[in-house]
Amino acid sequence: MNEDKKKTVLSGIRPTGPAHLGNYAGAMRNWLRLQDKYNCFYSIVTWHALSSEYQDSKTIRENTFEMAVDLLSIGLDPEKCVLFIQSEVKEHAELHLLLSMITPLAWVERVPTFKDMQKELADRDLNTYGYLGYPVLQTADILIYRADIVPVGEDQAAHLELAREITRRFNRLFGEVFPEPQMLLTETPWLAGTDGRKMSKSFGNAVYLKDDPAEVREKISTMVTDTRRKRRSDPGEPEDCPAYTLHRAFVDQAKREELARECRKAGVGCLECKAVVIESLLRELEPYRQRRAALEKDPGRVWTILEEGNRRAREAARKTMQDVRAAIGF
């Protein structure tokens, strides 16, 4: 396929700590598949991290490195995709400023995740202009590379719909500068954490990619399950079991369906069921562990890959901003 005819994908991940299984199943594993088919720009979104972590901003650089190691360790190939740091491409900020001039306040205020995240991160003051404008910066992230496709989870669908509205408004005002980005929903909408809630660093319920096998076994073995199953002889319902979200993500369909049938008639216990997903997960993550061990010994290589990605991202972003300034009349 001619490189110029490939569609462009943009996706980003916040460096707020090590990657967990929810990040991996919901986004990162999908990035691997996409890098072979599209022109992919994958951003470690440091400014988005700052919007919630501004009171402890010194952790962002370290977390950026950790996230880059995780992404390279799962198999992202810098020869196939552009892996870069958002705040090293200043054009994101310029386009964000310009888009903020044309975005009605009511559009931003109605995005449900603003209030949802205020509840989830109640220990932090998120009543800031920057946090309210998070979806507009996200729109700039997408449009600066003229992305055709944006892979998102269901919780980010409202953000992308806002991005599409802003794109249409910009094009009406200044001419057809940007393609309207299309949504690609993730195959794994969400993954339960050890306490049954959505897996999140903030909830302290995450299983991390970098956890050693013993930690993975311990966390998943003690994970909450279907409350119907108080005894081994009680039948359960897999669709109501938090641990079964891991089976959907990491166990092949035939085995998963077999376990579901057995669960419904109490033919298999929760610990037996969990053992299957643990072994399947550890097998899948073994190549990651090997790559990560090598990269941790060579941090210079990680920063070199990021700097080259920053350069390639800047080159694309500068071309877009030339067209944006011309369209506006600057």
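Below you will find a few notes about this structure.

**Some details on the layout of surface pockets**
Unfilled space is identified by rolling a water-sized probe across the atoms.
For step 1, the next point in the chain: Taken as a whole, the second largest pocket holds about 430 Å³ of empty space.
For step 2, the next point in the chain: For the lining of the second largest pocket, the secondary-structure elements that each account for two or more residues are β2 (39-44), β3 (81-85) and α14 (299-328).
For step 3, the next point in the chain: It is α14 that provides the largest number of residues to the lining of the second largest pocket, a total of six residues.
For step 4, the next point in the chain: Of the residues in the lining of the second largest pocket, the class split is eight nonpolar, four polar and nine charged.

**Quick look at the pairing of strand β1 (residues 8-13)**
For step 1, the next point in the chain: The buried count for β1 comes to five of six residues, which makes it a mostly enclosed element.
For step 2, the next point in the chain: Pairing of β1 with β2 involves six bridges; the strand directions are parallel. Among the inter-strand pairings, L10 is bridged to a residue of β2, identified as F41.
For step 3, the next point in the chain: A crossover connection joins β1 to the parallel β2 through helix α1 (residues 21-35); in handedness this β-α-β unit is right-handed.

**As for unusual backbone geometry**
For step 1, the next point in the chain: Within the chain, R146 stands out as a residue other than glycine whose phi angle is a positive 50°.
For step 2, the next point in the chain: Checked against the element boundaries, R146 lands in the loop between α8 (134-143) and β4 (149-152).
For step 3, the next point in the chain: For R146, a relative accessible area of 25% puts it in the partly exposed group.
For step 4, the next point in the chain: One non-glycine residue with positive phi stands out, namely A266, at about 60°.
For step 5, the next point in the chain: Along the chain, A266 turns up in the loop between α12 (253-264) and α13 (270-296).

**Considerations on the nonpolar core**
For step 1, the next point in the chain: Within the largest apolar cluster, 54 residues are counted, with the highest numbers of intra-cluster contacts made by L21, Y42, L71, L209 and F250.
For step 2, the next point in the chain: If sequence neighbours within four positions are ignored, F250 has contacts with L21, Y24, A25, R29, L191, V277, S280, L281 and E284.
For step 3, the next point in the chain: F84, I102, L143 and I166 belong to the second largest nonpolar core, which has 32 residues in total.

**Quick word on α1**
For step 1, the next point in the chain: Taking 1.5 Å per residue, 15 residues should reach 21 Å; α1 reaches 20 Å between its end C-alpha atoms and fits that length.
For step 2, the next point in the chain: At A27, α1 shows its maximal bend, which comes to roughly 35°.
For step 3, the next point in the chain: Counting buried residues along α1, twelve of its 15 residues qualify, which places the element largely inside the surrounding structure.
For step 4, the next point in the chain: What α1 keeps buried is the set L21, G22, N23, Y24, A25, M28, R29, N30, W31, L32, L34 and Q35.

Conventions we followed
Residues numbered from 1 in each chain as written. Predicted model: local features only at pLDDT ≥ 70, side-chain atom pairs only at ≥ 80, totals over all residues. Heavy atoms only, no water. 1 Å grid on protein atoms, 1.4 Å probe; cavity = no way out; pocket = protein on both sides within 12 Å on 5 of 7 lines; lining within 4 Å. Points joined across faces, edges and corners; volume = space filled by probe spheres on them. Helix = DSSP H or I, 4+ residues; strand = E, 2+ residues; numbered from the N terminus. Nonpolar A, V, L, I, M, F, W, Y, C, P; charged D, E, K, R; others polar. Buried < 20%, exposed > 50% of the residue type's maximum accessible area, 1.4 Å probe, protein only. Pairing = 2+ DSSP bridges. Right-handed = clockwise from strand over helix to strand, strands pointing away. Core = buried A, V, L, I, M, F, W, Y, C linked by side-chain atoms within 4.5 Å. Contact = heavy atoms within 4.5 Å. Expected span 1.5 Å × (residues − 1). Bend = angle between axes of the 7 residues up to and from the residue.

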